[in-house]
Amino acid sequence: MKFQYLKNVVTLAMDQDKCNGCGICTEVCPQQVFTMGDSVSSITDRDACMECGACARNCPPQAIYVRQGVGCAYAVLMDKLNIKGKCCGDACSCSLDNIPDH
Amino acid sequence: MMSTKHKKLPMVDDLDNKCCQEEQSAVQSEDAANTNWVTGCVETAVGPVYRVSTKLDQKDLLGSFKARWGLDRMNYTIPPGLYAIGDPHSSSPILVSANYKLSFDYLRRELAGLNLWILVLDTNGINVWCAAGKGSFGTAEIVRMVSVTRLSEIVSHRTLILPQLAAPGVAAHKVRSQSRFNVVYGPIRAEDIPAFLKNANKAAPEMRHPYFTLRDRLILTPVELTAMAKPIIILAMLFFLLNLASSLVGSNQLLLPSLIDQTFFDLAPYLAAMFVGIIMVPALLPYIPGRSFAWKGWLLGILWAFVYTFFITSQQGWLAPAAYFLTIPAITAFLGLNFTGSTTYTSLSGVVKEMGIALPLIIGSAGLGVIALIAKYFI
């Protein structure tokens, strides 16, 4: 059963010229967004992307861009209202600004 | 809390107790010593490493249950460090895990009969996926723990097997350059690990895609129900005050028992609305039309408002339907929207987009609905 979320919204982008064909994007993506071709990978199901950032983070030549984020309405709301740490008891919530450069 | 150097583990048999009585090595934490899930010690070049059981007992099951209901969940952790499954040696595989005990238990129960190492990171008690998103299950933490546990002195190979869902937080190539250990991404589900290991660390395609079955969806709901405790109490008090005010203002003075009864009656459709938003939306998720979660919640709310207004309540007039059709779907839409944080597939961009549309509508509808609801008590 393939779950589908909103269409045409994600920030995923790829520069195929930089791709070295290692295929790690196809391994780490939990949504089967990429397909490996003869020598490079390509985005074949863009709307399935959940912007987890696994692909971009693991791409050695940095051929992939995505604004990494957590698809959680509660976190977005808490961030907008400036209420910290309600979710997992952490000092910060899962909001965009709080994702460190790791 | 430090105990004496020669502390004896109560569950360790005579063959093993020598290694555990020796000086605590850097890889171990005191706190793991007296737990139900540690079954002994394994000697390594660096010192003793606790061996953990691959069976979950009553205490573990009770702990899982409490965690699912959000009871003391943030303390449901284990000490970070290196642990052993079975009888691992220097060429045994290394699996990497988070220090949320639920994650750790779900992992170790699949490893019966195997011999391997588990490197537990300090993810502040957060599970793999969320910790990866936040960065605590990250490149830096892996590099740190490899160093702290002196892993390169314990194993002769240089491979770490990570859960695939750690990938958002880990740059495999950076772990390699900073720690000399290669990262291999294992399957999503722990139950696929034995097959993965047998297959020379190659994952079948199905192992790389998460499930989101009915059971998967429902198991995420109890914790949301628990979160309703406070709002329910507040709502009950508000209804009580409304009934009290109505009774004082009107000619029909109600006694306290009737006031309490009436409060329950008034609360009932809203308790049901919470059930619809928290349980029914996740349960029926793939079958409710539309892709937006707020929309799915709103649809079920309209359905319930319809059933309640025209088949259950005996209230007359137009104020009651107005109140219910405006407030109930607003609640269920909001609760449905809230489920986005528990899914395997929602994107931040999508959530932001639907919130931008849904929230103003929810607030507007709820606002009008509350006016109608209050008016109902006095007109």
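What counts and how
- Residues numbered from 1 in each chain as written.
- Chains lettered and ligands numbered in written order.
- Predicted model: local features only at pLDDT ≥ 70, side-chain atom pairs only at ≥ 80, totals over all residues.
- Heavy atoms only, no water.
- Helix = DSSP H or I, 4+ residues; strand = E, 2+ residues; numbered from the N terminus.
- Rg over C-alpha atoms; globule rule 2.2 N^0.38 Å.
- Buried < 20%, exposed > 50% of the residue type's maximum accessible area, 1.4 Å probe, protein only.
- Patch = residues over 30% accessible without salt bridge, like charges linked within 9 Å, V, L, I, M, F, W, Y side chains within 5 Å.
- Areas by Shrake-Rupley, 256 points an atom, 1.4 Å probe, with all protein chains shown as cover.
- Salt bridge = Lys/Arg side-chain N within 4 Å of Asp/Glu carboxyl O.
- Phe/Tyr/Trp six-rings, centres within 6.5 Å; stacked < 30°, edge-to-face > 60°.
- Lys NZ or Arg CZ within 6 Å of the ring centre and 35° of its normal.
- Domains from an automatic or database assignment.
- Contact = heavy atoms within 4.5 Å.
- Buried area = accessible area lost by both parts, 1.4 Å probe.
- Nonpolar A, V, L, I, M, F, W, Y, C, P; charged D, E, K, R; others polar.
- Polar contact = N/O pair within 3.5 Å; in protein donor to acceptor, adjacent residues only side chain to side chain.
- Pairing = 2+ DSSP bridges.
- Right-handed = clockwise from strand over helix to strand, strands pointing away.
- Expected span 1.5 Å × (residues − 1).
- Bend = angle between axes of the 7 residues up to and from the residue.

When helices and strands are tallied, chain B shows 15 helices and seven strands. Taken against the 2.2 N^0.38 rule, which gives 21 Å for 379 residues, the C-alpha radius of gyration of chain B at 27 Å runs more than 25% over that of a compact globule. Each of the three principal axes of chain B carries a C-alpha extent, and together these read 85 × 45 × 30 Å. A buried classification covers 51% of the 379 residues belonging to chain B.

This next bit is on a nonpolar patch on the surface. All names here are of chain B. There is a patch of nonpolar side chains on the surface, built from Leu62, Phe65, Trp69, Leu71 and Leu225 and spanning about 460 Å² of accessible area. With respect to the helices and strands, Leu71 occurs in the loop between helix H2 (58-68) and strand E3 (81-85). A residue is classified by how much of its surface remains accessible, and Leu71, at 42% relative accessible area, is partly exposed.

In this section: the packing of aromatic side chains. What the rule picks out here adds up to 20 aromatic pairs over all chains. Here the aromatic rings of Trp295 of chain B and Trp298 of chain B are separated by 5.6 Å at their centres, their planes lie at 20°, and the arrangement is stacked. With a gap of three residues between them, Trp295 of chain B and Trp298 of chain B both fall in helix H13 (residues 293-312), about one helical turn apart. One aromatic cluster is present, formed by Phe3 and Tyr5 of chain A together with Phe212, Phe293, Phe339 and Tyr345 of chain B through successive ring pairs. A cation over a ring is seen here: Arg189 of chain B above Tyr211 of chain B, with NZ or CZ 3.7 Å from the ring centre.

The subject of this paragraph is the pattern of salt bridges. Summed over all chains, the structure comprises eleven salt bridges over all chains. If you follow the salt bridges from partner to partner, you end up with Asp60, Lys101, Asp105 and Arg108 of chain B in one network.

A word on the domain arrangement of chain B. Residues and elements named next belong to chain B. Taken domain by domain, chain B holds domain 1 (18-210) and domain 2 (216-375). Centre-to-centre, using C-alpha coordinates, domain 1 lies 42 Å away from domain 2. Tallying the contact residues gives five residues for domain 1 and seven residues for domain 2. Carbon and sulfur atoms supply 66% of the area buried between domain 1 and domain 2, which totals about 520 Å² over both sides. On the domain 1 side of the interface with domain 2, the three residues burying the most area are Arg68, Trp69 and Pro210, jointly 84% of the side's total.

Turning our attention to the interface of chain B and chain A. Frequently, the measure chosen for interface size is the accessible area that the parts lose on association. With 48 residues of chain B in contact, the opposing surface of chain A contributes 46 residues. Between chain B and chain A the total buried area reaches about 4100 Å² when both faces are included, carbon and sulfur atoms providing 62% of it. Between the two partners, chain B and chain A, sit one salt bridge. A salt bridge links Arg208 of chain B to Glu27 of chain A; the shortest N-O distance between them is 3.7 Å. Every element with two or more residues in the side of chain B that touches chain A is listed here: helix H4 (128-134), helix H7 (172-179), helix H14 (319-338) and helix H15 (348-376) of chain B. If you tally residues by element for the side of chain B that touches chain A, the top one is H15 of chain B, at nine residues. Class assignment of the residues belonging to the side of chain B that touches chain A gives a composition of 25 nonpolar, 17 polar and six charged.

Among the secondary structure elements, Asn58 of chain A is positioned in helix H2 (residues 54-58). Side-chain polar atoms of Asn58 of chain A contact the backbone oxygen of Val170 of chain B, separated by 2.9 Å. Within the structure, Asn58 of chain A has its side chain in polar contact with the side chain of Tyr185 of chain B (distance 2.7 Å). Not counting the four nearest positions on each side in its chain, Asn58 of chain A is found in contact with Ile24 and Val28 of chain A together with Ala167, Val170, Ala171, Ala172, His173 and Tyr185 of chain B.

Let us look at the environment of Glu141 of chain B. All names here are of chain B. Residue placement: Glu141 occurs in helix H5 (residues 139-148). Taking relative accessible area as the criterion, Glu141 reaches 11% and is therefore assigned buried. Measuring from C-alpha to C-alpha, the distance between Glu141 and Thr123 comes to 8.4 Å, with 18 residues separating the pair along the chain. Once residues within four sequence positions are removed from consideration, Glu141 is found in contact with Leu121, Asp122 and Ser136. Of the polar contacts made by the side chain of Glu141, one reaches the side chain of Arg144; its length is 2.9 Å.

We now examine the pairing of strand E7 (residues 182-185) of chain B. Strand residues, when the strand is regular, have side chains that alternate between the two faces of the sheet. Residues and elements named next belong to chain B. Only one face of E7 is buried, namely the one carrying Val183 and Tyr185, since none of Asn182 and Val184 on the opposite face is buried. Sheet analysis places strand E6 (residues 159-162) next to E7, joined by four bridges and oriented parallel. Counterpart to Ile161 in the pairing with E7 is Val184. Regarding topology, H7 serves as the crossover connection from E6 to the parallel E7, and that connection is right-handed.

What follows deals with H15 of chain B. An α-helical turn contains 3.6 residues, so any two residues separated by three or four positions project in the same direction. The terminal C-alpha atoms of H15 of chain B lie 40 Å apart, and with 29 residues this matches the ideal 42 Å at 1.5 Å per residue to within 8%. By the largest-angle criterion, Met355 of chain B marks the main kink of H15 of chain B, which is about 30°.

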